[in-house]
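Report on the structure
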Amino acid sequence: MLPIATALHPNTQSFEQHYRNLCNTLLSLTYSRSLPKGLQLHAHILKTGLNSIPLLSHHLINFYSKTCLPHFSHKVFDESPHRTSTTWSSLISSFAQNELPLLALHSFRHMILNGIRPDDHTFPSATKSCAILGNPHIGESVHCLALKTWYVVDVFVGSSIVDMYAKCGKIWCARKVFDEMPKRNVVSWSGMIYGYAQIGEDEEALGLFKRVMGEKDVGVNDFTLSSVLRVCGGSTLLELGKQIHGLCFKTSFNSSCFVGSSLISLYSKCGVVEGAYQVFEEVKDRNLGMWNAMLIACAQHAHTSKTFELFREMESLGMKPNFITFLCMLYACSHTGLVEEGQYYFEMMRGYGIEPGAQHYSTLVDLLGRAGKLEEAVQVVQEMPMHPTESVWGALLTGCRIHGNTELASYVADRLFELGSLSSGVHVLLSNAYAAAGRWEEAARARKMLRDQGIKKETGLSWVEEGNKVHTFAAGDRSHAKTTEIYKKLEELGEEMEKAGYVADTSFVLKEVGGEEKNETIRYHSERLAIAFGLITFPKERPIRVMKNLRVCGDCHTAIKYISKCTGRVIIVRDNNRFHRFEDGKCTCGDYW
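The shown structure was predicted, so the numbers you read here are calculated from the model rather than taken from an experiment.

Calculation notes
Residues numbered from 1 in each chain as written. Predicted model: local features only at pLDDT ≥ 70, side-chain atom pairs only at ≥ 80, totals over all residues. Heavy atoms only, no water. Helix = DSSP H or I, 4+ residues; strand = E, 2+ residues; numbered from the N terminus. Buried < 20%, exposed > 50% of the residue type's maximum accessible area, 1.4 Å probe, protein only. Contact = heavy atoms within 4.5 Å. Areas by Shrake-Rupley, 256 points an atom, 1.4 Å probe, with all protein chains shown as cover. Salt bridge = Lys/Arg side-chain N within 4 Å of Asp/Glu carboxyl O. Axes fitted to C-alpha atoms, helices over the stretch in contact; angles between N-to-C directions. Parallel < 35°, antiparallel > 145°, perpendicular 65-115°, else oblique. Left-handed = near helix turned anticlockwise from the far one by under 90°. Nonpolar A, V, L, I, M, F, W, Y, C, P; charged D, E, K, R; others polar. Pairing = 2+ DSSP bridges. Phe/Tyr/Trp six-rings, centres within 6.5 Å; stacked < 30°, edge-to-face > 60°. Lys NZ or Arg CZ within 6 Å of the ring centre and 35° of its normal. Patch = residues over 30% accessible without salt bridge, like charges linked within 9 Å, V, L, I, M, F, W, Y side chains within 5 Å. Lys, Arg positive; Asp, Glu negative; His and termini not counted. Charge placed at Lys NZ, Arg CZ, Asp CG, Glu CD. Right-handed = clockwise from strand over helix to strand, strands pointing away. pLDDT = per-residue confidence, 0-100. Expected span 1.5 Å × (residues − 1). Polar contact = N/O pair within 3.5 Å; in protein donor to acceptor, adjacent residues only side chain to side chain.

Further remarks concern the overall build of the protein chain. Across its full length, the protein chain holds 31 helices and six strands. Overall size of the protein chain, expressed as C-alpha extent along the three principal axes, is 100 × 55 × 50 Å. Taking all 593 residues of the protein chain together, the buried fraction comes to 50%. Summarising the internal contacts of the protein chain: among those between residues at least 6 apart in sequence, 64% fall at separations of at least 24. Of the roughly 27900 Å² that the protein chain leaves accessible, carbon and sulfur atoms contribute 53%.

Set out below in structure tokens:
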């Protein structure tokens, strides 16, 4: 970098050389994010009257943008007597890059009103601002202007429009622009992959990733890899995720915080929390997203003391927690019954200037409800500063079901129905609460209401990954190629478990049927079929990892503890709430979930 003293003393050099030195020094200070020296140089430019030169104004605006001072960028722009398209573009970019989308779009509009035509540098900043706002309607207007001015064929402008539509959830618009692009770059490919991943179109996302890997002149970046890793995590495709992790090493993106967060999420969701810890330790420069990813991984795997330890470490490093951080902490407390600790973190939020939202209240109600403090939970709901949402009432209903309080469950049900359209999960939760208390008529009425509204109950499924293939099971499923071996294994296990002291708890069969039928129903739940498949397929040293879309029932939880003891195997089950690691007849949840 040119010494700043040289740049400040023009006497020994021509004006042209001095001007060139100032530009080079500003660029160097921008790259190094050196604010004190940049301020010193800015003062010199003002004293010498050189701020009237548009290119110097452009460099100053960019400098303040990169040092996260967009309002200083705005001041430089206002004091600039000659504003070119480059100066306008720099200002709009400064606002967009610093998460001030409304100011960016306001400046974009004023630029057009001043007769300045947007270019390939301005359009991407405008579309980025629309994406931040999640507003496709303004984005459509920007897209129309890009069509009128023919900038839509520019690879950078076209890619930014694809990215904007994808992030706003209008994937069909993004795909249309993407398919019509004469040339695509890593941003357009990444935008499409991200868009499909966001709406759960995992096959489309993976298909595009496979295509981009075959493109010679495109390549991938950390955003591409992060998006596809999230697909693998969401679909629990551990083996594919490991291959992409290897690609992250080959492309040197393994140290990226975006990639690191996605890798932590991948390994956590696939039941390999040790892998999540390793990734976290390997990335030294961590952002808040990485800390939050590790906190939720610890919470889901019942590593509660580690969750608290990481939070303290984060605070000691000066990392300021956000609303997601506190959701992680409340979740950790909720699933271990730590009421006082949960209330402590809930109150701590306000100390950081964060007002609890509906999700925080929902998790606090869940914490109190699971712990049997239903009166306190009701009080929290009544004192909420906003109207209780479905998730808040649902959390209270869960507490009623666990503790058999059908009277309160009926009250909660009435409040839920007042909200209007409800998810199938809430209807089923209400029905199960009645059935668990033996109130079969009310349970049947709740299920009839589900049918009358045309809402389908989500089918309980469990799945196991073997190589690059996923084996899925439903309760009583006999469609698998190894059905005979699976059921034979379950019969053998049943005998061993009974000798070890297992007695089926048929109260978890929430149907009014005979005792023998209840025994038969509970014996072949989907998770048991998946575990039996794992026992006959995987080597003894390999843990059996089963994923499940619904909550594991109490009897299956007990049965899996006996299976782990009788077989000497480690069994990891992920239900819709958390992970359960069964080993030697014990579960990490401590029978509290």
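This part covers the pattern of salt bridges. Evaluated as defined, the whole model comprises 18 salt bridges. Here E347 ties to R350 by a salt bridge, and the two come within 3.5 Å at their closest N and O atoms. Pair noted here: E347 and R350 are both in helix 21 (residues 339-351), with a separation of three residues, about one helical turn. When the shortest N-O distance is used, the salt bridge between K548 and E527 registers 3.0 Å. One end of the pair, K548, is in strand 3 (residues 544-548); the other, E527, is in helix 30 (residues 526-537), with 21 residues separating them in the sequence. Neither residue differs from the other here; K548 and E527 are each classed as buried. Bridged by salt links that share partners, the residues R175, D179 and E204 form one connected network.

Looking now at helix 17 (residues 273-282). Of the positions making up helix 17, those classed as buried are V273, G275, A276, Y277, V279 and F280. Those residues of helix 17 that are buried are in contact with helix 15 (238-250), helix 16 (257-269), helix 18 (288-300) and helix 19 (304-316).

Another point: the packing of helix 6 (residues 85-97) against helix 7 (residues 101-113). When two helices pack together, their arrangement is captured by the angle between the axes and the distance separating the axes. Contact geometry of helix 6 with helix 7 gives a least axis separation of 7 Å together with a crossing angle of 160°. Relative to helix 7, helix 6 is oriented roughly antiparallel. Crossing hand, helix 6 versus helix 7: left-handed. Packed against helix 6, whose contacting residues are W88, L91, I92, F95 and A96, the element helix 7 presents P101, L103, A104, S107, F108, H110 and M111 at the interface. Looking at the contact of helix 6 with helix 7 residue by residue, the class counts come to 10 nonpolar, two polar and no charged.

If you trace the six strands from one edge of the open sheet to the other, you get 2-1-3-4-5-6, paired in mixed fashion. The sheet is open, and its two edges are formed by strand 2 (469-474) and strand 6 (586-587), each paired on a single side. Summarising the sheet, strand 4 (residues 571-574) and strand 5 (residues 579-583) pair through four bridges and their orientation is antiparallel. The partner of R574 across the bridge, within strand 5, is F579.

What follows covers the packing of aromatic side chains. Inspection of the entire model under this criterion finds 19 aromatic pairs. With 5.2 Å between their ring centres and 70° between their planes, F346 and Y361 make a pair best called edge-to-face. Note that F346 is positioned in helix 21 and Y361 in helix 22 (residues 358-370), a separation of 15 residues in sequence. The burial state of F346 is the same as that of Y361; both residues are buried. On the numbers, 6.2 Å between centres and 80° between planes, the contact of F533 with F538 is edge-to-face. An aromatic cluster of three or more residues is present, and its members are F308, F311, F326, Y344, Y345 and Y352. The side chain of R83 reaches across the aromatic face of F77, ending 4.5 Å from its centre. Cation over ring: R286 sits above W291, and NZ or CZ is 5.5 Å from the ring centre.

A cluster of nonpolar side chains, L102, L133 and I138, forms an exposed patch at the surface whose accessible area comes to about 260 Å². Mapped onto the elements of the fold, L133 is located in helix 8 (residues 122-133).

Before going further, it helps to examine a negative patch on the surface. A cluster of acidic residues, E492, E495, E496 and E498, forms a negative patch on the protein surface. Tracing the chain through its elements places E496 in helix 28 (residues 483-500). Look at E496 and you get partly exposed, because its relative accessible area is 38%.

What follows covers the pairing of strand 3. Among the five residues in strand 3, four count as buried, and that is most of the element. One ladder, built from four bridges, connects strand 3 with strand 4; its direction is parallel. Paired with I544 across the strands is I571, a residue of strand 4. Taking the sense of rotation as the criterion, the β-α-β connection linking strand 3, helix 31 (residues 554-567) and strand 4 turns out right-handed.

Now for the pairing of strand 2. Both strand 1 (residues 461-466) and strand 2 contribute to a ladder of six bridges, which runs antiparallel. Bridge assignment links W463 to a residue of strand 2, and that residue is T472. Counting the residues in the hairpin turn of strand 1 and strand 2 gives two residues, including G467, whose phi is positive at 65°.

Looking now at the side chain of R175. For R175, the location among the structural elements is in helix 11 (residues 171-180). Non-local contacts of R175, meaning those with residues more than four positions away in its chain, are made with M192, Y196, E204, L208 and R211.

Let us look at the confidence of the model for the protein chain. On average, residues of the protein chain score 88 in pLDDT, and 94% of them are at 70 or above. Confidence drops under a pLDDT of 50 for residues 509-517, and excluding neighbours within four residues, the segment shows 12 contacts in the predicted structure.

Okay, unusual backbone geometry next. In this structure, S252 takes a positive phi of about 65° despite not being glycine. Here S252 lies in the loop between helix 15 and helix 16. Since its relative accessible area comes to 52%, S252 is described here as exposed. Here D584, not a glycine, exhibits a phi torsion of approximately 55°, which is positive. Here D584 lies in the loop between strand 5 and strand 6.

For helix 16, spanning 13 residues, the distance from its first C-alpha to its last is 18 Å, which sits close to the expected 18 Å at 1.5 Å a residue. Most of helix 16 sits inside the fold, with 11 of its 13 residues counted as buried. Every buried residue of helix 16 is accounted for by C257, V259, G260, S261, S262, L263, I264, S265, L266, Y267 and S268. Packing partners of the buried residues in helix 16 comprise helix 14 (222-234), helix 15, helix 17, helix 18 and strand 5. Between the side-chain oxygen of the N-cap and the backbone nitrogen of F258 there are 3.2 Å, and the N-cap of helix 16 in question is S256.

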